[in-house]
Amino acid sequence: MPEPPVPPQPGPAGPARSTPVPEGTVPLPLTGGTVAADPGVLVDGIAAWIGSAPLRELVDRFRGRWPAGGLAAVLAGLDDFSAAHWDFRGGQERPDAREPSIDPSTSRLVSDAATTLGMVRAAPPALPRYAHLLVLGGLASACLRRVAYAAHLLRHGVRVAGEVAVLGSFRPLSAAERRVLADAGVTDADTEVDALDAAVRLAFGVARPAQEDGVDAGHPHRSWSSRTYRPPGFPSVRVLAAPSSEPQHRRAHTADTQRFWAGHARLSPGDQVLLVTHPIYVPFQHCDALRTLAVPYDAGIDTVGVDPALPDPVRLPEPTLTPGRYLQEIRSAIRSMRALHTALGHEG
């Protein structure tokens, strides 16, 4: 496996910008510019999101006490609190999470909080041009929709100077995911990265990669693969499966795939990167990207969710976004912000 290059030293900041967020939404950390432009902006952004009224109201509704102390102590306290009250996965994959019993009043509060925290409505990309566009993997239906949405953005004005990178892992597909793909005409996918590869072929009208690379290390947690397509009229599209940074314990997760891609792409200070996911995952995956790309490489990060108002090109059912699902991903965002804050070296 190739070693990632040493991250470049911070250079001139990228272009000033302001990510358009829906009215009434709490902004995510670093919603414009790069880290070098204002090193304290990340900490301020974490504090504003974490200390926002919707999150405080949720903690109060679940009979919690707001943690005392500085930001590090608050993040640690919220991590512990959310583990006790909002972790319905228990170490399992997201589709295996249990759904809690929540009364109607609390369900409405969760829905309102998720909307205000930026997990429901889609926002458009902030810029017309980016250095790179990243599509993050997920369940089979999400793989198809996110790649299709990336192709939609490229067809409707977003320009990418470098590459489109579609990031996943060798996670085996479930029987339900295989049925979803079969309904879309895909019958040759065994893993998440296979689903992403099929999504690229469908969305960009390509039949086979122009270049392939990778290492079969004898275990999916340690292996990696790269397939590069060159669709006419589009930037190069690379489908990348990353190895795990802790292969003895787990498969590759979102931060692993972003970090592995950065080692291949050789980011430069000030590069603007657009990430595509689903709205419910925007806060946690945005903060993962800040930790793995913005901090070490001084890249600018925009993270957008697939717009549910657009016609669905694959016509597949979406998982129901229940109160339990939103609470689980609020917990994911708390943990991601805590990891980001730790990476910044702040103790207070």
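A. Layout of the packing of aromatic side chains. Evaluation of the coordinates by the stated rule reveals 5 aromatic pairs. On the basis of an interplanar angle of 90° and a centroid distance of 5.3 Å, the ring pair of F81 and W86 is categorised as edge-to-face. For F81, a relative accessible area of 12% corresponds to the buried category. Between Y281 and F284, the aromatic rings sit 6.4 Å apart at their centres with planes inclined by 90°, giving edge-to-face as the arrangement. Lying over the aromatic face of W66, R56 brings its terminal NZ or CZ to 4.3 Å of the ring centre.

B. The packing of helix 1 (residues 41–50) against helix 3 (residues 71–85), seen in detail. Direction vectors running N to C along helix 1 and helix 3 enclose 45°, while the axes themselves pass 11 Å from each other. As summarised for this structure, helix 1 and helix 3 are arranged oblique, according to the angle between their axes. Handedness of the crossing formed by helix 1 with helix 3: left-handed. Two secondary-structure elements touch here, helix 1 through V43, I46, A47 and I50 and helix 3 through L71, V74, L75 and L78. Considering only residue class, the contact of helix 1 with helix 3 consists of 8 nonpolar, no polar and no charged.

C. Just the sheet that holds strand 2 (residues 132–136), in detail. Strand order in the open sheet formed by 7 strands is 5-6-7-4-2-8-9, and the pairing between neighbours is mixed. Each edge of the open sheet is held by one strand with a lone partner, namely strand 5 (211–215) and strand 9 (300–305). For this sheet the average axis-to-axis angle between neighbouring strands, irrespective of direction, equals 15°. Against the sheet, helix 7 (residues 192–204) touches strand 4 (163–168), strand 6 (224–229) and strand 7 (236–241), its axis set at about 165° to strand 7. Against the sheet, helix 9 (residues 282–297) contacts strand 2, strand 8 (272–277) and strand 9, and its axis sits at roughly 160° relative to strand 9.

D. Seen up close, helix 8 (residues 254–265). Between its terminal C-alpha atoms helix 8 stretches 16 Å, which fits the 16 Å expected from 12 residues at 1.5 Å a residue. Across the 12 residues of helix 8, 10 count as buried, placing the element largely inside the fold. Taken residue by residue, helix 8 has T254, A255, D256, T257, Q258, F260, W261, A262, G263 and A265 as its buried positions. Trailing helix 8 by a residue or two, R266 shows a phi angle of about 55°, which is positive.

E. Layout of the packing of helix 3 against helix 10 (residues 323–343). Interhelical geometry of helix 3 versus helix 10 gives an angle of 150° and a closest axis separation of 9 Å. Our classification of the angle between helix 3 and helix 10 gives roughly antiparallel. Crossing of helix 3 over helix 10 shows left-handed handedness. Contacts from L71, A72, L75, A76, L78, D79, S82 and A83 of helix 3 reach helix 10 at R331, I334, R335, M337, R338 and H341. Of the residues assigned to the contact of helix 3 with helix 10, the class counts are 8 nonpolar, 2 polar and 4 charged.

Quick notes on the rules
- Residues numbered from 1 in each chain as written.
- Predicted model: local features only at pLDDT ≥ 70, side-chain atom pairs only at ≥ 80, totals over all residues.
- Heavy atoms only, no water.
- Phe/Tyr/Trp six-rings, centres within 6.5 Å; stacked < 30°, edge-to-face > 60°.
- Buried < 20%, exposed > 50% of the residue type's maximum accessible area, 1.4 Å probe, protein only.
- Lys NZ or Arg CZ within 6 Å of the ring centre and 35° of its normal.
- Axes fitted to C-alpha atoms, helices over the stretch in contact; angles between N-to-C directions.
- Helix = DSSP H or I, 4+ residues; strand = E, 2+ residues; numbered from the N terminus.
- Parallel < 35°, antiparallel > 145°, perpendicular 65-115°, else oblique.
- Left-handed = near helix turned anticlockwise from the far one by under 90°.
- Contact = heavy atoms within 4.5 Å.
- Nonpolar A, V, L, I, M, F, W, Y, C, P; charged D, E, K, R; others polar.
- Pairing = 2+ DSSP bridges.
- Expected span 1.5 Å × (residues − 1).

Interpretation note: all reported values are geometric properties and have no functional meaning in isolation.
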